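Tertiary structure, described
One letter stands for each residue in the lines below.
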Amino acid sequence: YAPMLAATAPNVREYCRRHGLGYESFVGIKRGFHPWQATFNRIPMLVELVERGFAGWALYLDADAWIQDLDFDLAAYLADKGERAAIFATSGVTGEHWDVNAGVALVNLGHPLGRALVEAWAEAFAGHSDEDLRQGVEWFGAGNDQDLLHKLLKRESEIAAAVLVE
């Protein structure tokens, strides 16, 4: 994903510059053994923000995501969404409340249920042993990061009720 990130990051950094937002990225594997397992990075990255005491909205973008409208007023969009734990786009497959795309995620780390979402997602990821990850040479059809999120939103009705799906 590094070449893709190299192509999209300037766009995202420019958006952040224009709007006075912080920007962080990570190239590598936070936990795992195979390149595809970098998809799990979003989970420890969110955990690290919580551990550092960040209590605002964290916007996660996959390496293949970029911002079309560099003048989009994110602060205005979020102004009336403080009661939300997170915002995800629907995957467009089933229409179910839990069937979201984790590739673009807005997580409200200032909301107790936003932090609970991160904690539960991290616990689900921790359920993969190092041996499971070592043996997982190919993409996990079940148990990938998005699948873990789907299961969490099915199981944790209080968190799911605080998530906006658009």
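Residues numbered from 1 in each chain as written. Predicted model: local features only at pLDDT ≥ 70, side-chain atom pairs only at ≥ 80, totals over all residues. Heavy atoms only, no water.

1. What to know about helix H4 (residues 112-126)
Taking 1.5 Å as the rise per residue, H4 with 15 residues should run 21 Å; its terminal C-alpha atoms sit 21 Å apart, in good agreement. Residues of H4 that are buried include every one of Leu 113, Gly 114, Leu 117, Val 118, Ala 120, Trp 121 and Phe 125, and no others. Mapping the buried residues of H4 onto a view down its axis gives an arc of 165°, with all of them on the same face. In H4, the exposed residues that point more than 90 degrees away from the buried face are Pro 112, Glu 119, Glu 123 and Ala 126. (Helix = DSSP H or I, 4+ residues; strand = E, 2+ residues; numbered from the N terminus. Expected span 1.5 Å × (residues − 1). Buried < 20%, exposed > 50% of the residue type's maximum accessible area, 1.4 Å probe, protein only. Arc of directions from axis to C-beta.)

2. Focus: the pairing of strand E2 (residues 86-90)
Two strands pair when backbone bridges link them, and E2 and strand E3 (residues 100-108) are joined in this way by 5 bridges, in the antiparallel orientation. Residue pairing across strands places Thr 90 opposite Val 100, the latter belonging to E3. Inspection of the sheet shows E2 paired to strand E4 (residues 163-165) by 3 bridges, in the parallel sense. Bridged to Ala 86 within E4 is Val 163. (Pairing = 2+ DSSP bridges.)

3. What about the nonpolar core?
In globular proteins that are soluble, nonpolar side chains generally tend to be buried together. Counting 32 residues, the largest nonpolar core has Phe 40, Phe 88, Leu 117, Trp 121, Leu 149 and Leu 153 as its most contacted members. For this core, the elements supplying multiple residues, two or more each, are helix H2 (42-51), strand E1 (57-61), E2, E3, H4, helix H6 (145-155) and helix H7 (157-161). If you tally residues by element for this core, the top one is H4, at 6 residues. Core analysis: the next-biggest nonpolar cluster, separate from the first, contains 10 residues, Val 12, Ile 67, Leu 70 and Leu 106 among them. (Core = buried A, V, L, I, M, F, W, Y, C linked by side-chain atoms within 4.5 Å.)

4. So, the pattern of salt bridges
With the rule as written, the count across this model stands at 13 salt bridges. A salt bridge links Arg 18 to Asp 71; the nearest nitrogen and oxygen atoms lie 3.2 Å apart. Note that Arg 18 is positioned in helix H1 (residues 2-19) and Asp 71 in the loop between E1 and helix H3 (74-78), a separation of 53 residues in sequence. Close ionic contact of Glu 156 with Arg 155 constitutes a salt bridge, the shortest N to O distance being 3.5 Å. Using a relative accessible area of 31% as the deciding quantity, one classes Glu 156 as partly exposed. Overlapping salt bridges, with partners in common, bring together Glu 14, Arg 17, Arg 18 and Asp 71 in one network. (Salt bridge = Lys/Arg side-chain N within 4 Å of Asp/Glu carboxyl O.)

5. Looking at the sheet that holds E3
For sheets, the rule is that strands pair by backbone hydrogen bonds, running either parallel or antiparallel. Read across the sheet, 4 strands follow the order E1-E3-E2-E4 without closing on themselves; strand pairing throughout is mixed. Looking along the sheet, the strands with just one partner apiece sit at the ends: E1 and E4. Each adjacent strand pair in this sheet contributes to an overall mean axis angle of 20°, direction not counted. Against the sheet, H4 contacts E2, E3 and E4, and its axis sits at roughly 135° relative to E3. (Axes fitted to C-alpha atoms, helices over the stretch in contact; angles between N-to-C directions. Contact = heavy atoms within 4.5 Å.)

6. Let's talk about the packing of aromatic side chains
In total, this model carries 6 aromatic pairs according to the counting rule given. Taken together, Trp 36, Phe 40, Phe 125, Trp 139 and Phe 140 form an aromatic cluster joined through their ring pairs. Between Arg 31 and the ring centre of Phe 125, over which it is positioned, the NZ or CZ distance is 4.8 Å. For Lys 81, the ring lying beneath its charged end belongs to Tyr 77, and the centroid distance is 4.0 Å. (Phe/Tyr/Trp six-rings, centres within 6.5 Å; stacked < 30°, edge-to-face > 60°. Lys NZ or Arg CZ within 6 Å of the ring centre and 35° of its normal.)

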